[in-house]
Amino acid sequence: MVKDMGTEAPTGADYTHKPTDEQLAKQKAIDEWLPITSSRNAKWWYSAFHNVTAMVGAGVLSLPYAMSELGWGPGVAVLVISWVITLYTLWQMVEMHEMVPGKRFDRYHELGQYAFGEKLGLYIVVPQQLIVEVGVCIVYMVTGGKSLKKFHDLVCSTCKPIKQTYFIMIFASVHFVLSHLPNFNSISGVSLAAAVMSLSYSTIAWTASVHKGVQPDVQYGYKAKSSAGTVFNFLSALGDVAFAYAGHNVVLEIQATIPSTPEKPSKGPMWRGVVVAYIVVALCYFPVALVGYWMYGNEVEDNILISLQKPVWLIAMANLFVVVHVIGSYQIYAMPVFDMIETVLVKKLHFKPSMILRFIVRNLYVGLTMFVAITFPFFGGLLSFFGGFAFAPTTYFLPCVMWLAIYKPKKFGLSWWTNWICIVLGLLLMILSPIGGLRQIIIQAKTYKFYS
């Protein structure tokens, strides 16, 4: 019998007597106010486009560049292995959402507490999840600002140039409004638009590359002059790929919005949505990565749309699509952060759940991510640094560790081997890719002017 870790009662509660009806009613009222648990009437296709929006980030545009640093053989292998491993770990998370009868793990850290214990689970999962979610929000601020600037420069090439800082501010202004949507289901429209856009700009990226054709003096060798440079670039490219598969951090929170009964558990519709999402992910990632590298070789930019200059209207449109997509992605990653902050304020610090509390918390968060994005916009290096450091654990091997801790599969059986292989590969990714990313940040920081 699996023992219940008591994640229902507030931490520090007295477990010797059952909570009174009044306490239960208060608890229910708080749960109905919090963004993750307030609305549970999502359909399976919500899970599909939420997952596409969460997964196919702007990371897809840096895949041809990652390919140029990995080379053909290793590049294709890393892409395919990542797709397979992350689909497997995503399946594990969908399965574990309701493994205790009558209970749902609505948040990543609740599953962590169940697997590793009340205190340790929080310490293991929350810092990593926060690094990923806040990191993604910051990176998307930068991406949104850069793509807006690119759109402006393409459409109005004779205009006076405007600083990137201002474009990041314009992008952030959208979030000062959208962040006040109460929960996951209320952003499903934004998310659907974002998912459609991601498929659109990925398609534009690779079809425009095909149209442009293989460049006359294309080369597929490694660009770095020294063997050390080649190795470091290879490592940072691994981080870029890890960043491209980052939807796991919000998967339990997405599943929490789907209704569930003992006869029809939420894992059915959720898994259907995930499979559709993963097919879309493959349609976005593989053509962009392979075609982009094939056409440009090692001269490709760290954002494929920058390599494509013509036709101007099409590339301008693609950049605008990126902006719309990143707006949706930002919201999907910000929602669990809002949930964590609001949970602490209401449950631990006993603030009253109110609109004013939400207004202050969410505006402060958007303002903070905007400030950091304006200060440190080294896009590529940040990606691989965060990619290895936090994405690898939460995406590649934490679900496997939890699976081993909870289900305890037979030693040296298929499940045991599969999970250990994923854990070893994930650990290697976590240790190696931040090294390459950090080096890139250091190199770029030398020539960088603050608030330019």
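Scoring rules and cut-offs
Residues numbered from 1 in each chain as written. Predicted model: local features only at pLDDT ≥ 70, side-chain atom pairs only at ≥ 80, totals over all residues. Heavy atoms only, no water. Helix = DSSP H or I, 4+ residues; strand = E, 2+ residues; numbered from the N terminus. Rg over C-alpha atoms; globule rule 2.2 N^0.38 Å. Buried < 20%, exposed > 50% of the residue type's maximum accessible area, 1.4 Å probe, protein only. Contact = heavy atoms within 4.5 Å. Areas by Shrake-Rupley, 256 points an atom, 1.4 Å probe, with all protein chains shown as cover. Polar contact = N/O pair within 3.5 Å; in protein donor to acceptor, adjacent residues only side chain to side chain. Axes fitted to C-alpha atoms, helices over the stretch in contact; angles between N-to-C directions. Left-handed = near helix turned anticlockwise from the far one by under 90°. Nonpolar A, V, L, I, M, F, W, Y, C, P; charged D, E, K, R; others polar. Parallel < 35°, antiparallel > 145°, perpendicular 65-115°, else oblique. Phe/Tyr/Trp six-rings, centres within 6.5 Å; stacked < 30°, edge-to-face > 60°. Lys NZ or Arg CZ within 6 Å of the ring centre and 35° of its normal. Salt bridge = Lys/Arg side-chain N within 4 Å of Asp/Glu carboxyl O. Core = buried A, V, L, I, M, F, W, Y, C linked by side-chain atoms within 4.5 Å.

If you check an unreviewed UniProt entry, the protein appears there as Amino acid transporter transmembrane domain-containing protein from Manihot esculenta.

Draft legend 1. Structural detail: the overall build of the protein. Scanning the protein from terminus to terminus reveals 16 helices and 0 strands. For 452 residues, the compact-globule formula gives about 22 Å, and the C-alpha radius of gyration of the protein, at 22 Å, lands near that figure. Projecting the C-alpha coordinates of the protein onto the three principal axes gives extents of approximately 75 × 55 × 40 Å. By residue count, 55% of the 452 residues in the protein fall in the buried class. A fraction of 85% describes how many contacts in the protein between residues 6 or more apart in sequence connect residues 24 or more apart. Roughly 19600 Å² of accessible area belongs to the protein as shown, and the carbon and sulfur atoms make up 72% of that amount.

Draft legend 2. Representation of the environment of glutamine 129 within the structure. On the secondary structure map, glutamine 129 appears in helix H6 (residues 118–155). Judged by its relative accessible area of 0%, glutamine 129 falls in the buried class. The spacing of glutamine 129 and methionine 96 is 33 residues in sequence and 17 Å in space, taken between C-alpha atoms. Filtering out sequence-adjacent residues up to four positions away, glutamine 129 remains in contact with Tyr108, His109, Asn249, Glu253, Met340 and Thr394. Within the structure, glutamine 129 has its side chain in polar contact with the side chain of glutamate 253 (distance 3.0 Å).

Draft legend 3. Focus on the packing of H6 against helix H7 (residues 164–178). Taken N-terminus to C-terminus, the directions of H6 and H7 make an angle of 115°; their axes are 8 Å apart at the nearest point. Relative to H7, the crossing made by H6 is right-handed. Between H6 and H7, the residues in contact are Tyr140, Met141, Val142, Gly144, Gly145, Lys146, Leu148, Lys149 and His152 and Gln164, Phe167, Ile168, Ile170, Phe171, Ala172 and His175, respectively. Classifying every residue of the contact of H6 with H7 gives 9 nonpolar, 5 polar and 2 charged.

Draft legend 4. A look at the environment of glutamine 92. Within the secondary structure layout, glutamine 92 lies in helix H4 (residues 72–96). For glutamine 92, a relative accessible area of 0% puts it in the buried group. Residues within four places of glutamine 92 in sequence aside, it is in contact with Pro399, Cys400, Trp403 and Asn419.

Draft legend 5. Geometry of the packing of H7 against helix H14 (residues 355–375). Two elements in contact, H7 and H14, have axes separated by 10 Å at closest approach and are oriented at 165°. Regarding the angle of H7 to H14, the classification is roughly antiparallel. Where H7 crosses over H14, the handedness of that crossing is right-handed. Each of Thr165, Ile168, Met169, Ala172, His175 and Phe176 in H7 lies in contact with H14, whose residues at this interface are Asn363, Val366, Gly367, Met370, Ala373 and Ile374. Residue composition of the contact of H7 with H14, grouped by class: 8 nonpolar, 4 polar and no charged.

Draft legend 6. Geometry of the packing of aromatic side chains. Overall, the coordinates contain 15 aromatic pairs when judged by the stated rule. Relative to tryptophan 91, the ring of tyrosine 88 lies with its centre 6.0 Å away and its plane at 25°, an arrangement referred to as stacked. Of this pair, tyrosine 88 and tryptophan 91 are both found in helix H4, 3 residues apart, which corresponds to roughly one turn of the helix. A ring pair is formed by phenylalanine 338 and tyrosine 365, whose centres lie 5.5 Å apart and whose planes are at 85°; its orientation type is edge-to-face. Placement of phenylalanine 338 in helix H13 (residues 312–348) and of tyrosine 365 in helix H14 is noted, with a sequence separation of 27 residues between them. Each member of the pair, phenylalanine 338 as well as tyrosine 365, carries the same accessibility label: buried. Over the face of the ring belonging to tryptophan 33 we find arginine 358, whose NZ or CZ atom lies 4.3 Å from the ring centre.

Draft legend 7. Region of interest: the pattern of salt bridges. Taken as a whole and judged by the stated rule, the model has 10 salt bridges. Aspartate 153 serves as the salt-bridge partner of lysine 149, at 3.6 Å between the closest nitrogen and oxygen. Of the two residues, lysine 149 and aspartate 153 both sit in helix H6, 4 residues apart, roughly one turn of that helix. Residue glutamate 342 pairs with arginine 358 through a salt bridge whose shortest N-O separation is 3.3 Å. With glutamate 342 in helix H13 and arginine 358 in helix H14, this residue pair connects regions lying 16 residues apart in the sequence. Both residues of the pair, glutamate 342 and arginine 358, count as buried.

Draft legend 8. Region of the structure containing unusual backbone geometry. One non-glycine residue, lysine 408, lies in the positive phi region at around 45°. Relative to the assigned elements, lysine 408 resides in the loop between helix H15 (379–407) and helix H16 (414–446). A positive phi angle is found at phenylalanine 412, which is not glycine, with a value near 65°. Along the polypeptide, phenylalanine 412 turns up in the loop between H15 and H16. With a relative accessible area of 55%, phenylalanine 412 lands in the exposed category.

Draft legend 9. Seen up close, helix H5 (residues 108–116). Within H5, 9 of the 9 residues are buried, which leaves it mostly tucked inside the rest of the structure. Following H5 by one or two positions, glycine 117 adopts a phi angle in the positive range, close to 105°.

Draft legend 10. Molecular detail of the nonpolar core. If you look at the biggest cluster of nonpolar residues, it comprises 124 residues, and the most contacted ones within it are Met141, Tyr245, Tyr285 and Met402. Sequence-distant contacts of methionine 141, that is, excluding residues within four places in its chain, are made with Ile168, Phe171, Ala172, His175, Tyr330, Val366, Thr369, Met370 and Ala373. If you look at the next biggest cluster of nonpolar residues, it comprises 7 residues, including Trp33, Leu34, Leu345 and Val361.

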